[in-house]
Amino acid sequence: MDLERMMRSIFCEGFRNFDLLHNKLSCNDDACTCDKERTFDTILDWYAAHYRALNNVNYIQYHSIVWNEWPHVEAIAQEISEQWNAHVTEYKFPYKRKLNWGMQSSTIELLKRILAKSVDAKDLLIRHMRVLLELDKYLRDLKEDMSVSYRTLFPIQTRYGKLIYRAESVIMKKLQTLEAFTAPVDPNYLLLNKRISSFQLVDLEYDYYTVAYKSLSFSQIHIEDVNDFKLAFIPGKFNLSSDYTVISEPQTDDNLIPFFIQKYADIDKYEAKVESLFSAALEASPDLIMMPELFTSPDLRSKLIAQIAERSLEDLRNPNNYKLSLFLTGSFHEEVSGVLHNRAWISDGEGKVKSEVYKMNRFILPKLEDYQGQLEAFRQHPGVEKISYNNREIGLFNTSLGRMAFFICVDFLNSQIEHILIEHCVDIIFVMAMTPNPSGGKFQRVMHQLGERNNAIVIICNNLGVAAVTADRAGKESRIVVYLPGFKSLYVSSAEMEVLTLGQIIAHISESDREKAKPKHL
């Protein structure tokens, strides 16, 4: 294929993608000659089309050239940077605000001239990549403008793909200043999105899940006091076999016994216990309160949210006494429109429900010969959580602390969900769980993978759901788990209720890492 056609292909109406070094070009029509030009409404239309065309195959090939021929690459990069800066200065099309992001014909002509100087396919690849990287650097101001003033535009729909702006996690910025922090090494570092700092292209849709883009306000949290961000955990100590009424049904064809939690075994005692713990947590003025899976019935959930609303009104006279921004209610089995779900709510500090979290994957209860009472049905056959998983929406929340996501237990372990979290650069993940081991096994593996790929923080509030542990494990249950990327240790607590700051969590993990690093004496 001739070089001239490859140069103009990116401007072609029917263009799909190319592999520049191997001289491969794909258009919607096999007979396409790349003579009919496409239109670009905004600078982000061009950016998205260019980003999609280059993809990881071209980026890896470009990276190999950089290793071997950096002086040549650097010379082209300098040339393109000078041409671009002269262009936006001369034509006064800065593209730095949404109000002036409309694509100008003079910019298209400049880009054509830059690519037309290519002498071969390798040169063309370098120029394509350096144009994208120059635009990425230049569009950071536009990203800041849109991320602050136009949050409703997250994500940004372009004619050629869906763009999200790269959010900054103020918590990670704090962690990276610490002496004990060691940046995680990502074995997947040779990906184009690792080089992008402004707008990142993500999939238009996913096979199993939909993504909802939302925002939450943490108005009282600032980067200078992120150490004081206070979290309250109420994991409780409830037992699946004695504290709930478990309903099991006849065995299915795949040898699983469907089950669900109908109610608490002793409603008055149970709710009084939870309300007491909640009141104590609220008195500590946390920024966030978190409860676990299968812990809070819809009625109890409403009572606790009403308590938040009442407390918020009481403290209007002196708002400095009241800090709560977010309440993760914990979940319960409940009917929604006649269908059984495992559902939690997310409330703000005024008692307004901001979002719902549905469990999207069913939990398998392993068979165990020691089961007694209500769980005897699962001695010979494993159980399966009888919930609908038709509501398959993942909420991603932009906040001043970073991009957040909320899950119920096993959803956190799903590989398709993990892909979405990585692609969207989610910074902080909250998991409301009921599992015997949230600090090890599969949970630990996924935490480390997300730490490597995203620098993601993972915070788990867990309800073990089992009887008392054996004597050798007493006091070591993982009911509260916090993973911070860049540290080897986890924060793990067996407390029934705990309120602590992020600074205290960091100090505890740092000390654990120092202890592990000490030489072992024989």
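Preceding this paragraph is the structure being described.
Rules and cut-offs
Residues numbered from 1 in each chain as written. Predicted model: local features only at pLDDT ≥ 70, side-chain atom pairs only at ≥ 80, totals over all residues. Heavy atoms only, no water. Buried < 20%, exposed > 50% of the residue type's maximum accessible area, 1.4 Å probe, protein only. Helix = DSSP H or I, 4+ residues; strand = E, 2+ residues; numbered from the N terminus. Pairing = 2+ DSSP bridges. Salt bridge = Lys/Arg side-chain N within 4 Å of Asp/Glu carboxyl O. Contact = heavy atoms within 4.5 Å. Polar contact = N/O pair within 3.5 Å; in protein donor to acceptor, adjacent residues only side chain to side chain. Axes fitted to C-alpha atoms, helices over the stretch in contact; angles between N-to-C directions.

Draft legend 1. Spotlight on the pairing of strand β5 (residues 199-202). Both faces of β5 are covered, namely the face carrying Phe199 and Leu201 and the face carrying Gln200 and Val202. Bridge count for strand β4 (residues 161-165) against β5 is 4 bridges, and the pairing is antiparallel. Bridging across to β5, Leu163 finds its partner in Leu201.

Draft legend 2. Region of the structure containing the pattern of salt bridges. Tallying each qualifying case throughout the model produces 26 salt bridges. Residue Lys122 is joined to Glu69 by a salt bridge in which the shortest nitrogen-to-oxygen separation is 2.7 Å. Highlighted residues: Lys122 in helix α4 (residues 121-138) and Glu69 in helix α2 (residues 43-90), separated in sequence by 53 residues. Classification of Lys122 as partly exposed rests on a relative accessible area of 29%. Glu69 gets classed as partly exposed once you look at its relative accessible area, which sits at 26%. Two residues, Glu385 and Lys359, come together in a salt bridge whose shortest N-O distance is 2.7 Å. With a gap of 26 residues between them, Glu385 in strand β15 (residues 383-385) and Lys359 in the loop between β13 (353-358) and β14 (364-365) connect regions that are remote in the sequence. The exposure class of Glu385 is buried, given its relative accessible area of 1%.

Draft legend 3. A look at the side chain of Thr245. As for its placement among the helices and strands, Thr245 is situated in strand β8 (residues 244-248). Owing to a relative accessible area of 18%, Thr245 belongs among the buried residues under this scheme. Leaving out residues up to four positions away in the same chain, Thr245 has contacts with Phe260, Ile261, Gln262, Lys263, Tyr264, Ala265 and Gln374.

Draft legend 4. Representation of the side chain of Ser489 within the structure. Here Ser489 shows up in the loop between β20 (480-483) and β21 (491-493). Since its relative accessible area comes to 2%, Ser489 is described here as buried. Engagement of the side chain of Ser489 in a polar contact is seen with the side chain of Asp513, the distance being 2.7 Å. At 3.1 Å, the side chain of Ser489 and the side chain of Lys516 are in polar contact.

Draft legend 5. Up close: the sheet that holds strand β6 (residues 210-215). Strand order in the open sheet formed by 7 strands is β6-β16-β17-β18-β19-β20-β21, and the pairing between neighbours is mixed. In the strand order of this sheet, the two ends are held by β6 and β21, each with one partner. Within this sheet the neighbouring strands show an average axis-to-axis angle of 15°, counted without direction. Bridge count for strand β17 (residues 402-408) against strand β18 (residues 428-433) is 5 bridges, and the pairing is parallel.

Scope: geometric values only; no functional claims are made or implied.
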